[in-house]
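In case you want the letters, here they are:
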Amino acid sequence: MSKRILVVDDLATQRAAAAYTLTGAGYEIFQAENGEDAIYQMEVLGGVHLVIADLSMPVKDGLSLLKTLKQNLQFRSIPVLMLLTESQIPRKEELRQEGAAGWILKPYQPEQLFSIVSKLIS
């Protein structure tokens, strides 16, 4: 069974780019457009091995999603990789304190995403 990754971003193009890169590497990809949708999908899907989430999203942003996941016994152990823009770099320490497994700066190279993902769910 391939590893399951949930990509959460309000921009469909960002979700599609990550999905394309990771599907090509053999991962099973699911997509959500905000943190609220992500929680719903995780409850329905089960067995998610990694969440990749944008920090800035409407409805429920990446930080709120991260906090919700880390407070839930069912999802607490799932690593969360945060997607940041240049202006959000100062928030990375806050994200780490809240339990993020790491962060990657947008725009990223596909090889960079694959390398980080493979380390997080090897």
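Let us look at the structure shown here. (Residues numbered from 1 in each chain as written. Predicted model: local features only at pLDDT ≥ 70, side-chain atom pairs only at ≥ 80, totals over all residues. Heavy atoms only, no water.)

Within helix 3 (residues 62-71), burial applies to Gly62, Leu63, Leu65, Leu66, Leu69 and Lys70. Along helix 3, the residues classed as buried sweep out an arc of 160 degrees about the axis, all on the same side. Summarising the contacts, the buried residues of helix 3 are in contact with strand 1 (4-8), helix 2 (35-45), strand 3 (50-54), strand 4 (80-84) and helix 4 (92-97). (Buried < 20%, exposed > 50% of the residue type's maximum accessible area, 1.4 Å probe, protein only. Helix = DSSP H or I, 4+ residues; strand = E, 2+ residues; numbered from the N terminus. Arc of directions from axis to C-beta. Contact = heavy atoms within 4.5 Å.)

Through backbone hydrogen bonds, the strands of a sheet pair up, either in parallel or in antiparallel fashion. Spatial ordering of the open sheet is given by 2-1-3-4-5, a layout of 5 strands whose pairing is parallel. The sheet terminates laterally at strand 2 (28-32) and strand 5 (102-105), the two strands that pair on one side only. Averaged over all pairs of adjacent strands, the angle between their axes in this sheet comes to 20 degrees, without regard to strand direction. Together, strand 1, strand 2 and strand 3 form the strand contacts of helix 1 (residues 12-24), whose direction differs from that of strand 2 by roughly 170 degrees. Helix 3 rests against strand 1, strand 3 and strand 4 of the sheet, and its axis sits at about 170 degrees to strand 4. (Pairing = 2+ DSSP bridges. Axes fitted to C-alpha atoms, helices over the stretch in contact; angles between N-to-C directions.)

Further remarks concern the pairing of strand 5. Covered by surrounding structure in strand 5 are Gly102 and Ile104 only, the residues Trp103 and Leu105 on the alternate face being uncovered. As defined by bridge partners, strand 4 adjoins strand 5 across 4 bridges and the pair is classed as parallel. Following the sheet pairing, leucine 83 is matched in strand 5 by isoleucine 104. Regarding the hand of the β-α-β motif, the stretch spanning strand 4, helix 4 and strand 5 is right-handed. (Right-handed = clockwise from strand over helix to strand, strands pointing away.)

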